[in-house]
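A closer look at the structure
Now for the letters of each chain:
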Amino acid sequence: TAVIGPNGAGKTTLFRLIREGELIRSVPKARLGFFHQDLSGLKENETVLESVMRDSIQKEGAVRSILARLLFSARDIHKPVSVLSGGEKIRLCFARLFTSAANVLILDEPTNYLDIPSVEALEKLFSEYEGTMLFASHDEAFVNAIATERLIIDEHKIKPDPSHPQSQTGNSGK
C-alpha cells in the first residue's frame, strides 16, 4: 500500500508512530521491518556480506542472490560499508530487510537517492515480495509499478485514493 500526500502531510510521522508501537500494539505474527533514510543499523566496519548476514534468517547463498539482484557484484560484497556510496548503502539496507524475519515492511521514501537501475531492481524485488508493504513515495512511476492500494494523507486524515479503483474496493494487496 502506498501512502501518498504532499511534503509535511505526516507520512514520516505516521511511520514513526508505527515503529514506536503507538499505532500497532500487538499483532502476533507481524514482524515489522523498517526502512528510513537515516540508514541506522549499518556498521561501517562490516563488509556488505557481513552486514546482511548479521540479522539474516537466510543462508549465505540466498543472501548472495539477493545482493546480486540489488546490483552488488561478487567483489562489492567484500567491501566495507564505510566505502559505499549513499545509494549503495540504501540498497544494502534493503538487502538486510529482504533477508530478515520481517514480514511487514514500512518504507519511507525507498527510492530517494537511487539511480534508475537501482529503482528498477527494487521494483522487481518488491513486486515479488510475499509479505505486506506500506510505503511512502513521491516517485509516481514507482508507486504505479508497485502499489496495489493507495492511501492519501490529507488534512490530517488517511483516506483511500479516490482515483485508484483497488483502493475503493478494499482489495488486499502489498
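In what follows, the accompanying structure is described.

1. Quick look at unusual backbone geometry
Of note, the phi angle at L71 is positive, near 75°, even though the residue is not glycine. By the element assignment, L71 lies in the loop between α3 (60-69) and α4 (86-98). On the accessibility criterion, L71 (40% relative accessible area) is partly exposed. One non-glycine residue, E109, lies in the positive phi region at around 50°. Topologically, E109 is positioned in the loop between β3 (104-108) and α5 (116-128).

2. Let's talk about the packing of α4 against α5
Taken N-terminus to C-terminus, the directions of α4 and α5 make an angle of 10°; their axes are 12 Å apart at the nearest point. By the angle between their axes, α4 is roughly parallel relative to α5. Note on element contacts: α5 touches α4 through S118, L122, L125 and F126, opposite R91, F94 and F98. Here the contact of α4 with α5 is composed, by residue class, of five nonpolar, one polar and one charged.

3. Describing α3
Here α3 has its buried residues at V63, I66 and L67. Down the axis, α3 shows its buried residues gathered within 100° of arc, on one side only. On its buried face, α3 is in contact with α2 (48-54), α4 and α5. Taken from the residues just after α3, L71 is the one with a positive phi, measuring 75°.

Scoring rules and cut-offs
- Residues numbered from 1 in each chain as written.
- Predicted model: local features only at pLDDT ≥ 70, side-chain atom pairs only at ≥ 80, totals over all residues.
- Heavy atoms only, no water.
- Helix = DSSP H or I, 4+ residues; strand = E, 2+ residues; numbered from the N terminus.
- Buried < 20%, exposed > 50% of the residue type's maximum accessible area, 1.4 Å probe, protein only.
- Axes fitted to C-alpha atoms, helices over the stretch in contact; angles between N-to-C directions.
- Parallel < 35°, antiparallel > 145°, perpendicular 65-115°, else oblique.
- Contact = heavy atoms within 4.5 Å.
- Nonpolar A, V, L, I, M, F, W, Y, C, P; charged D, E, K, R; others polar.
- Arc of directions from axis to C-beta.

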